[in-house]
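# Secondary and tertiary structure notes
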Amino acid sequence: MLPKNPQKGYTSLKWQVPLADVAVDDELAHAVDEAVRSGWWSSGPRVEAFEGAFREYTGARFALAVANGTTALQLALDAAGVGAGDEVILPSLNFVAAANAISHTGATPVFCDIVGPGDLNLDVESVESALTPRTAAVLALHYGGYPCDMARLAALAERHGLAVLEDSAHAPGAKVGERSCGTLGLAGCFSFFSNKNLPVGEGGLLVTDDEALYDRARLLRSHGMTTLTWDRHRGHASSYDVEVRGYNFRLDEIHAAIGLVQLARLDDENRARAEIVARYRRDLEGSALSMPFAGVPHDVTPVHHLAVVVCETPEAREAVRAHLDKRRVQTSLHYPPIHRFTAYAEDELRVPLDRTEDVAARLLTIPLFGHMRDEQVALVVESLLEAA
Ligand SMILES: *Cc1c(COP(=O)(O)O)cnc(C)c1O
């Protein structure tokens, strides 16, 4: 159940409709209170319970909760053996975390193009054009919660001996057939940042069916140490060895307590978001604004993290954005392409990114969260139609 009467989230004088919002209620506050009063704040029973609940939810064999989605990406890459001298292919229409995580392993991010304005996911042919003998992995994104073409990607990866890792930050609950996003490749990474479908504040999680990858990721999560403070506290261990040079990417009990409540609400949140997106689609039909992913293959069950519209021209996008700002409707851009950022501007481009460039200049993200009120949805639509 979504909270019936959520207390107002973060209150803003500026926006009538914020881009995203968390629903706060007593159940969440009690869960945090209980975790605080337990007296055990670092990784412990709630983190283990959260991992267990996520294994059950996704059907993955293993789940590892971590400090945030970016650390999940870094662990997945590192545990998959990606490192210096390797190349990893990813779409440029993406959050920068993916390229940063690849870079921090010592590998080189190689950007690929998207399919086009109707499908903002990576184009498998563009991935193929970007391959070299140094390509070790593809870091796939399920843009906005719409699964990318994992079947074709898996076939390509098989032919070339590549690992497929999933950035599933947008896609908790999305499925291809009966299988959850995050379990379609070697490992899947989730984010629980405050604006995601399962908001915790800061938090992330890695799932995999590969025991060796899981064992290595688990070691790396906590300094490469063979036992946790929690194990020693319970008397299960008294000392430890350090087997690899790891990180501190652990999640804590307070965030895990929020995560457990939010995971139980995820399907309702996803359903509420789907209804709002369906209304956006219906109401914008025939306007100058198009919504990507109008048709999805019959075996694909998307979730909805972002609601985006594509304007006819970059100038039209700026005009729509300015009008919504005036109506106090918050908008954003998902995403400024990574290859255009200063930190990546010097990187060699392996393949043309024309469709990414074209779409990114016309793309606009509009508000979406499960507890949007009808009047808020109506205001977004009305403002869009006035401006388009
Ligand atoms: C949010 C997000 C991340 C990063 O997750 P954090 O929890 O903020 O570190 C990575 N990739 C994508 C696509 C995201 O949307």
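These lines cover the structure that appears in this document, whether it is placed above or below. (Residues numbered from 1 in each chain as written. Predicted model: local features only at pLDDT ≥ 70, side-chain atom pairs only at ≥ 80, totals over all residues. Heavy atoms only, no water.)

### Describing empty space enclosed by the protein
- A complete count under the given rule lists two cavities of 30 Å³ or more for this structure.
- Of the voids in this model, the second largest cavity is the one considered here, and its volume is about 70 Å³.
- Forming the walls of the second largest cavity are Y143, Y146, V277, R281, M291, P292, F293, L306, A307 and V308.
- Residue assignment for the lining of the second largest cavity shows that the elements contributing at least two residues are α9 (253-284) and β13 (307-310). (1 Å grid on protein atoms, 1.4 Å probe; cavity = no way out; pocket = protein on both sides within 12 Å on 5 of 7 lines; lining within 4 Å. Points joined across faces, edges and corners; volume = space filled by probe spheres on them. Helix = DSSP H or I, 4+ residues; strand = E, 2+ residues; numbered from the N terminus.)

### Some words on the environment of D374
- Looking at where D374 falls in the secondary structure, it is placed in helix α12 (residues 374-387).
- Judged by its relative accessible area of 55%, D374 is exposed.
- Note: C-alpha distance between D374 and A23 (351 residues apart in sequence) is 16 Å. (Buried < 20%, exposed > 50% of the residue type's maximum accessible area, 1.4 Å probe, protein only.)

### Focus: the packing of aromatic side chains
- Applying the stated criterion to the full structure yields 12 aromatic pairs.
- On the numbers, 5.9 Å between centres and 70 degrees between planes, the contact of F50 with F54 is edge-to-face. Pair noted here: F50 and F54 are both in helix α2 (residues 45-58), with a separation of four residues, about one helical turn. The burial state of F50 is the same as that of F54; both residues are buried.
- Put simply, the rings of F50, F54, Y57, F190 and F192 touch in pairs and so form one group of aromatic residues.
- The aromatic ring of W15 is capped on one face by K14, whose charged end is 4.9 Å from the ring centroid. (Phe/Tyr/Trp six-rings, centres within 6.5 Å; stacked < 30°, edge-to-face > 60°. Lys NZ or Arg CZ within 6 Å of the ring centre and 35° of its normal.)

### Digging into the environment of V377
- As for its position among the elements, V377 is in helix α12.
- Judged by its relative accessible area of 2%, V377 falls in the buried class.
- Sequence separation of V377 and A84 is 293 residues, and the distance between their C-alpha atoms is 47 Å.
- For V377, the residues in contact, after removing those within four places along its chain, are I276, R279, Y280 and M372. (Contact = heavy atoms within 4.5 Å.)

### Some details on the environment of P367
- In this structure, P367 sits in the loop between β14 (363-366) and α12.
- According to the relative accessible area criterion, P367 is buried, its value standing at 0%.
- Distance in space between the C-alpha atoms of P367 and P172 is 19 Å, their sequence separation being 195 residues.
- The residues touching P367, leaving out its near neighbours within four places in the chain, are V17, P18, L19, Y280, A307, V329, Q330, M372 and V380.

### Notes on the site of the ligand
- Lining the immediate environment of the ligand, one finds 15 residues, of which G69, T70, D167, S191 and K196 sit closest.
- H170 is positioned such that a nitrogen or oxygen atom in its side chain is 2.9 Å from an oxygen atom of the ligand.
- Interatomic distance of 3.2 Å between a side-chain N/O atom of K196 and an oxygen atom of the ligand.
- Its free accessible area being 380 Å², the ligand has 92% of it covered by the protein chains.
- When atom positions are compared with the pocket grids, the ligand is found to occupy the largest pocket.
- A breakdown of the residues in the shell around the ligand according to their chemical character gives six nonpolar, seven polar and two charged. (Near = heavy atom within 4 Å. Polar contact = N/O pair within 3.5 Å; in protein donor to acceptor, adjacent residues only side chain to side chain. Areas by Shrake-Rupley, 256 points an atom, 1.4 Å probe, with all protein chains shown as cover. Sits in = over half its atoms within 2 Å of the grid points. Nonpolar A, V, L, I, M, F, W, Y, C, P; charged D, E, K, R; others polar.)

### Notes on the sheet that holds strand β12 (residues 300-301)
- Spatial ordering of the open sheet is given by β9-β8-β12, a layout of three strands whose pairing is antiparallel. The two strands at the open ends of the sheet, each matched to only one other strand, are β9 (179-180) and β12.
- Strand direction decides the pairing type here: strand β8 (residues 175-176) and β9, joined by two bridges, are antiparallel. Residue pairing in the sheet places K175 in a bridge with S180 of β9. (Pairing = 2+ DSSP bridges.)

### Quick look at the sheet that holds strand β7 (residues 163-167)
- Pairing is mixed in the open sheet, where seven strands are placed in the order β1-β11-β10-β7-β6-β2-β3. Where the open sheet ends on each side, the last strands, each with one partner, are β1 (62-66) and β3 (108-112). Each strand axis lies, on average, 20 degrees off the axis of its neighbour in the sheet, ignoring direction.
- Relative to strand β10 (residues 187-191), β7 runs parallel, the two sharing three bridges. For L165, the partnering residue across the bridge sits in β10 and is A187.
- Those strands touched by helix α3 (residues 69-79) are β1, β2 (87-91), β6 (135-141), β7, β10 and β11 (204-208), and its axis lies near 165 degrees from that of β10.
- Strand contacts of helix α4 (residues 96-104): β2, β3, β6 and β7, with the helix running at about 145 degrees to β3, the strand carrying the most contacts. (Axes fitted to C-alpha atoms, helices over the stretch in contact; angles between N-to-C directions.)

### Comments concerning the pattern of salt bridges
- Counted according to the given criterion, the structure contains 27 salt bridges.
- With its nearest N and O atoms 3.5 Å apart, the salt bridge here joins D325 to K14. Linking D325 in helix α10 (residues 314-326) with K14 in the segment before α1 (26-38), this pair joins segments that are 311 residues apart in sequence.
- Take D325: its relative accessible area is 34%, and that puts it in the partly exposed class.
- Among the residues examined, K14 registers a relative accessible area of 41% and is labelled partly exposed.
- Residue D231 pairs with R234 through a salt bridge whose shortest N-O separation is 3.1 Å.
- You can call R234 partly exposed: its relative accessible area is 34%.
- Linked by salt bridges that have partners in common, E87, R134, E348 and R350 make up one network. (Salt bridge = Lys/Arg side-chain N within 4 Å of Asp/Glu carboxyl O.)

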